[in-house]
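Understanding the architecture of this molecule
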Amino acid sequence: MQDRMTQRRDWAPLLQAAPLALVLLLFFVFPLVATAVVSLWNYTEYSLVPDVTSRNYAEMFEGCGNLSDGLCTTFRTYISTLRLCGLVWLCTLVLGFTVSYFLAFHVRSDTVRMALFLVCTAPFLTSNVIRMISWLPLLGREGLVNQALVGSGVVDAPQDWLLFSDFSVVLAFVHLYTLFVVVPVFNSMMRIDRRLLEAAQDAGASGWQTLWHVVVPLTKPGLVIGSIFVIVLVMGDFVTIGVMGGQQIASIGKIIQVQMSYLQFPAAAAQAVVLLGLVLLVIAAMTKLIDIRREL
């Protein structure tokens, strides 16, 4: 009897984890495996051919070996995507850290702090598409921003670079994803023992020294987690880049979307596999900085 009870206790954790494991298997592992398998298939204009071929990867990197002719289309597209991702990451990191620092250390009342935090989350009550499209009437040639600039005499004519440009894409991304940095950074800051800040001040540290040597190191887990969220979301995005960039800015997500619209599923799957590998490398490098399992 004792042995049966021991066996039941040994099986209990596995049975409890089984539903979640099944969900992850069906909706995460299986789609990834299917994508990798389809990336090795061949295709024609009218059909998919279940086969093992390197055609999709060879076409993706065609001409990339001869650097004397310049960078190939794939490399240029990845550089464009990484450049946009880096700009968005830097802007969201600075803005998210600033907002979190203000909420955590400058707002004394818990009620006011929570109210302001809810104000930050209010835009998420609407969809990403609505929040993104709301910038169009503001940044267009006849938009409010151009009217204000021309009316105040700052510029002589409406500025075209405000919309359908890298600036508008980065602005929309920052608007959409800054909260993904604010939440983990704010959570890390609220865990900081305030006595450490007082000790730093008693030791003669200035405000900037306290910020750099005390707050930033203790906030590093939130910064890394927020950075992972932003990088993953931006690298695979194609809707924001397509709308705010006027379909003129290349990105890997946009290439995958176009290939799927032309029913070139194996080619799109190959692009997705390479993109996934790149994102996983970035995440692996960032997770070397902290133990995410301990933070979560």
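Computed from a predicted structure; not experimentally measured. For every chain, the first residue of its written sequence is number 1, and the numbers climb from 1 along that sequence. Local features in a predicted model are, by the rule used here, given only for residues with pLDDT of at least 70; side-chain atom pairs are given and counted only at 80 or more, and totals for whole chains, interfaces and linings are based on all residues. Hydrogens and waters are ignored; side-chain quantities use all the structure's heavy atoms.

1. A closer look at the packing of aromatic side chains
- Only the six-membered ring of Trp is used, alongside the rings of Phe and Tyr, when aromatic pairs are assigned; centres must lie within 6.5 Å, and planes under 30 degrees apart are stacked while those over 60 apart are edge-to-face, with the rest tilted. Under the defined criterion, the tally for this structure stands at eight aromatic pairs.
- Ring geometry for Phe 97 and Tyr 101: centres 6.3 Å apart, planes at 20°, overall stacked. Linking Phe 97 with Tyr 101, this pair stays in helix α3 (residues 73–106), spanning four residues, or about one helical turn.
- With a 1.4 Å probe rolled over the protein chains alone, any residue whose accessible area is under 20% of its type maximum counts as buried; one over 50% counts as exposed, and the rest are partly exposed. Look at Tyr 101 and you get partly exposed, because its relative accessible area is 24%.
- A connected cluster of aromatic rings, assembled from ring pairs, spans Phe 173, Tyr 177, Phe 180 and Phe 229. Where helices and strands are cited, they refer to DSSP runs of H or I of at least four residues and of E of at least two residues respectively, numbered from the N terminus.

2. A few points about the pattern of salt bridges
- What counts as a salt bridge is simple: a side-chain nitrogen of Lys or Arg found within 4 Å of a carboxyl oxygen of Asp or Glu. The full count for this structure, using the stated rule, is five salt bridges.
- Of the charged contacts, one joins Arg 83 and Asp 166 as a salt bridge, the two residues approaching to 2.9 Å between their closest N and O atoms. Pair noted here: Arg 83 is in helix α3 and Asp 166 is in helix α8 (residues 166–177), with a separation of 83 residues, a long-range link.
- Among the ionic pairs, Asp 110 bridges to Arg 113, the shortest N-O distance being 2.6 Å. Here Arg 113 and Asp 110 lie together in helix α4 (residues 110–121), a separation of three residues that amounts to about one turn.
- Judged by its relative accessible area of 54%, Asp 110 falls in the exposed class.
- Using a relative accessible area of 6% as the deciding quantity, one classes Arg 113 as buried.

3. Quick word on the nonpolar core
- The criterion is simple. A nonpolar core is a set of buried Ala, Val, Leu, Ile, Met, Phe, Trp, Tyr and Cys residues joined through side-chain atoms within 4.5 Å. Within the largest apolar cluster, 52 residues are counted, with the highest numbers of intra-cluster contacts made by Val 215 and Met 244.
- When contributions to this core are tallied by element, the ones reaching two or more residues are α3, α8, α9 (179–190), α10 (194–202), α11 (207–235), α12 (239–244), α13 (252–261) and α14 (265–287).
- In terms of residues, this core owes the most to one element, α11, which gives 11 residues.
- When sequence neighbours within four positions are dropped, the list of residues in contact with Val 215 reads Phe 97, Tyr 101, Phe 105, Met 189, Ile 192, Leu 197 and Thr 210. By definition, residues are in contact when any of their heavy atoms lie within 4.5 Å.

4. Examining the UniProt feature "domain: ABC transmembrane type-1" (unreviewed entry) in the protein
- UniProt positions are given in the numbering used here, feature names are shortened, and annotations may be inferred rather than shown by experiment. UniProt marks residues 78–286 with the feature "domain: ABC transmembrane type-1" (unreviewed entry), using the numbering shown here.
- Between the first and last C-alpha atoms of residues 78–286 the distance is 19 Å; the span itself is 76% helix and 0% strand.

5. Thoughts on the packing of α3 against α11
- Relative orientation of the contacting elements α3 and α11 amounts to 135°, with a least axis distance of 9 Å. When the axes of α3 and α11 are compared, the pair comes out oblique. Here α3 runs over α11; the crossing is right-handed. Where α3 abuts α11, its residues Thr 81, Leu 82, Cys 85, Val 88, Trp 89, Thr 92, Leu 93, Phe 97, Tyr 101 and Phe 105 lie against Leu 211, Val 215, Val 216, Thr 219, Leu 223, Ser 227, Val 230, Ile 231, Val 234 and Met 235.
- By residue class, the composition of the contact of α3 with α11 is 16 nonpolar, four polar and no charged. Note on geometry: axes are C-alpha line fits, over the in-contact stretch for helices, and angles between N-to-C directions span 0 to 180 degrees. Small angles under 35 degrees read as roughly parallel and large ones over 145 as roughly antiparallel, with 65 to 115 read as roughly perpendicular and the rest as oblique. Left-handed describes a crossing whose near helix is turned anticlockwise from the far helix through less than a right angle; right-handed describes the clockwise counterpart. Residues are sorted three ways: Asp, Glu, Lys and Arg are charged, Ala, Val, Leu, Ile, Met, Phe, Trp, Tyr, Cys and Pro are nonpolar, and all the rest, Gly among them, are polar.

6. Considerations on the layout of surface pockets
- Points on a 1 Å grid over protein atoms alone make up a cavity when a 1.4 Å probe fits among them but cannot get out, and a pocket when they form an open set with protein on both sides within 12 Å along at least five of seven lines; lining residues each have an atom within 4 Å of a point. Grid points are joined across faces, edges and corners, and a volume is the space filled by probe spheres set on the points. In this model, the largest pocket occupies a volume close to 490 Å³.
- Lining the largest pocket we find 18 residues, and of these Leu 32, Ala 272, Leu 275, Leu 276 and Val 279 sit closest to its centre.
- Sorting the residues of the lining of the largest pocket by element identifies α1 (2–38), α13 and α14 as the ones contributing at least two each.
- In terms of residue count, α14 provides more of the lining of the largest pocket than any other element does, seven residues in total.
- By residue class, the composition of the lining of the largest pocket is 14 nonpolar, four polar and no charged.

7. Comments concerning the environment of Tyr 78
- As for its placement among the helices and strands, Tyr 78 is situated in helix α3.
- If we ignore the near neighbours within four places in the chain, the residues touching Tyr 78 are Ile 252, Gln 271, Val 274, Leu 275 and Leu 278.

8. What about unusual backbone geometry?
- Not every positive phi belongs to a glycine, and Phe 164 is a case in point at roughly 60°.
- With respect to the secondary-structure elements, Phe 164 resides in the loop between α7 (144–151) and α8.
- Overall, Phe 164 belongs to the partly exposed group, its relative accessible area being 41%.
- With a phi close to 65°, Leu 263 is a non-glycine residue in the positive phi region.
- By secondary structure assignment, the location of Leu 263 is in the loop between α13 and α14.

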